[in-house]
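Residue-level structure breakdown
Spelled out, the chains give:
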Amino acid sequence: MPQDNRKYNSMSGKKSFSYLLLILHFLTTTAAASSSAVLYDIYPFIRVYKDGTVKRFIGTEVVPASVDPTTGVRSKDVVITAPELHISARLYLPKYATSTHKLPLLVYFHGGAFFTESAFSPLYHNHLNSIVAKANVVAVSVNYRLAPEHPLPIGYQDSWHALKWVFSHSDGNGNETWLKNYADFMHVYLGGDSAGGNIAHNTAIRAGLEHEMVHRVVIDGMFLNCPHFWGKTPIGNEASKPKREALMESIWIHAYPNSTGLDDPLVNPAMDPNLSKLRCKRVLVYVAEKDILRDRGWYYEKALRKSKWDGVVKVVEVKGEDHDFSIIFPNSRKAKIVLRQLASFLNQGKVLDSFAGHLTAVPSN
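The structure reproduced in this document is the subject of the present report. (Residues numbered from 1 in each chain as written. Predicted model: local features only at pLDDT ≥ 70, side-chain atom pairs only at ≥ 80, totals over all residues. Heavy atoms only, no water.)

**So, the packing of aromatic side chains**
Per the counting criterion, the structure on display carries seven aromatic pairs. Summarising the aromatic geometry, the rings of Y108 and Y124 are spaced 6.4 Å apart at their centres and angled 40° between planes, so their arrangement reads as tilted. Within this pair, whereas Y108 is found in strand β6 (residues 103-109), its partner Y124 is found in helix α2 (residues 122-135), the two being separated by 16 residues in sequence. When the ring of W252 is compared with that of Y256, the centres are 5.6 Å apart and the planes differ by 70°; the resulting orientation is edge-to-face. Of the residues examined, Y256 reaches a relative accessible area of 13% and is grouped as buried. Each residue in the set Y108, Y124 and F223 is aromatic and connected to the rest through ring pairs, giving one cluster. Here the guanidinium or amino end of K76 rests over the ring plane of W178, the centre of that ring lying 4.5 Å away. (Phe/Tyr/Trp six-rings, centres within 6.5 Å; stacked < 30°, edge-to-face > 60°. Helix = DSSP H or I, 4+ residues; strand = E, 2+ residues; numbered from the N terminus. Buried < 20%, exposed > 50% of the residue type's maximum accessible area, 1.4 Å probe, protein only. Lys NZ or Arg CZ within 6 Å of the ring centre and 35° of its normal.)

**So, the sheet that holds strand β2 (residues 46-49)**
Paired through their backbone hydrogen bonds, the strands of a sheet run either parallel or antiparallel. Across the sheet, three strands lie side by side as β1-β2-β3; this open sheet has antiparallel pairing. A strand with exactly one partner marks an edge of an open sheet, and here the two such strands are β1 (38-42) and β3 (54-56). Averaged over all neighbouring strand pairs, the angle between strand axes comes to 10°, with direction disregarded. Here four bridges tie β1 to β2, and the two strands are oriented antiparallel to one another. Bridge pairing links D41 to R47 in β2. (Pairing = 2+ DSSP bridges. Axes fitted to C-alpha atoms, helices over the stretch in contact; angles between N-to-C directions.)

**Regarding the pairing of strand β7 (residues 138-143)**
Across the six residues that make up β7, a large majority, six, are buried. The two faces of β7 match: V138, V140 and V142 on one face and A139, S141 and N143 on the other face are all buried. Note: β6 against β7, five bridges, orientation parallel. Of the residues in β7, the one forming a bridge with Y108 is S141. You can see the chain leave β6, run along α2 and come back into β7, and the turn it takes is right-handed. (Right-handed = clockwise from strand over helix to strand, strands pointing away.)

**Observations regarding the packing of helix α3 (residues 154-167) against helix α5 (residues 195-209)**
With their axes 10 Å apart at the nearest point, α3 and α5 run at an angle of 60° to one another. Put simply, α3 runs oblique to α5. Once α3 is placed against α5, the crossing between them reads as right-handed. Contacts from Y156, S159, W160 and L163 in α3 reach N198, I199, N202, T203, R206 and A207 in α5. (Parallel < 35°, antiparallel > 145°, perpendicular 65-115°, else oblique. Left-handed = near helix turned anticlockwise from the far one by under 90°. Contact = heavy atoms within 4.5 Å.)

**Topic: the environment of K306**
Its location among the elements puts K306 in helix α7 (residues 294-306). Residue K306 is classed as exposed on the basis of its relative accessible area, which comes to 74%. For the pair K306 and A270, spaced 36 residues apart in sequence, the C-alpha separation works out to 9.1 Å.

**Overview of the packing of α2 against helix α9 (residues 333-346)**
In contact at an axis separation of 9 Å, α2 and α9 are set at 55° when each is read in the N-to-C sense. Relative to α9, the element α2 is oriented oblique. The crossing of α2 and α9 is right-handed. For the pair α2 and α9, contact is made by S130, I131, K134 and A135 and by L339, R340, A343 and L346, respectively. Of the residues that constitute the contact of α2 with α9, the class distribution is five nonpolar, one polar and two charged. (Nonpolar A, V, L, I, M, F, W, Y, C, P; charged D, E, K, R; others polar.)

The following block contains the structure:
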């Protein structure tokens, strides 16, 4: 009998142990499934999981600074130090730059829906090489931190600190020789595409509000390529594209969780009481006919005029194209026209008055 009890107890113990392993396996599997569950998905940009993991679908590749073999443009990377911040940027210098003839300065903010891309990605490295070569300008491509790890307004703050660092060289001080020796701070331009266009605009607004920080600098102009502006109430054809409309709303809500909403002045300039403070003389806006953001570009022009801002604004609509086409397909015929126009604009050409409308007549490729 004791022997039978020992056998029974042994079998019972094995069953209990197996049951315990089954429970542990179930709990572990459930926890893993829970932690890997998707919190939100903003394709084609990012997917965020409940455990905090972030998967970026685009814009993660980087290329080193170099001498571009096609254009001869030189580039190098710098770290911009600010209180408790370490912001980076890539600087560009055209092939025949000389210290005896200073060149216009472009400060550029990359796109990527506030979530993706960088100043070091192939897409933007190639884009800046092309602009610098064609326009013969010095350029600073700002690498602001990205949401969701660094939600807005961090990207705006980084960009403002970067601009202040650039402008700190205007009186001959600062530690960056390319800016001191080659950049003309009396002819400065801001530029950006998509989310970067939004950041460029808001940085120019802040420059107007804190003008004492940039008093030794003249911002001649700003160009915005398919800028990311939005609003609570649909305008134009936005309501006819519900999927894209939902995507735009999701981008802003998750990039800036503490925002006041879709009519936050940072994303809807028409709601900004300080719009007239925009600190630049000329604004060139590119919109693409098939882009969900098209109508917001036109609305931006109307809002600027209504604000009594003291400057000149022009919108150029590119027929038959979609968002950021000139950056994604730089070798297309229309992209090359855009590049020529930007070169003219950055050299105080007549693009706002005469050449701009030419793009609408270019046939589809």
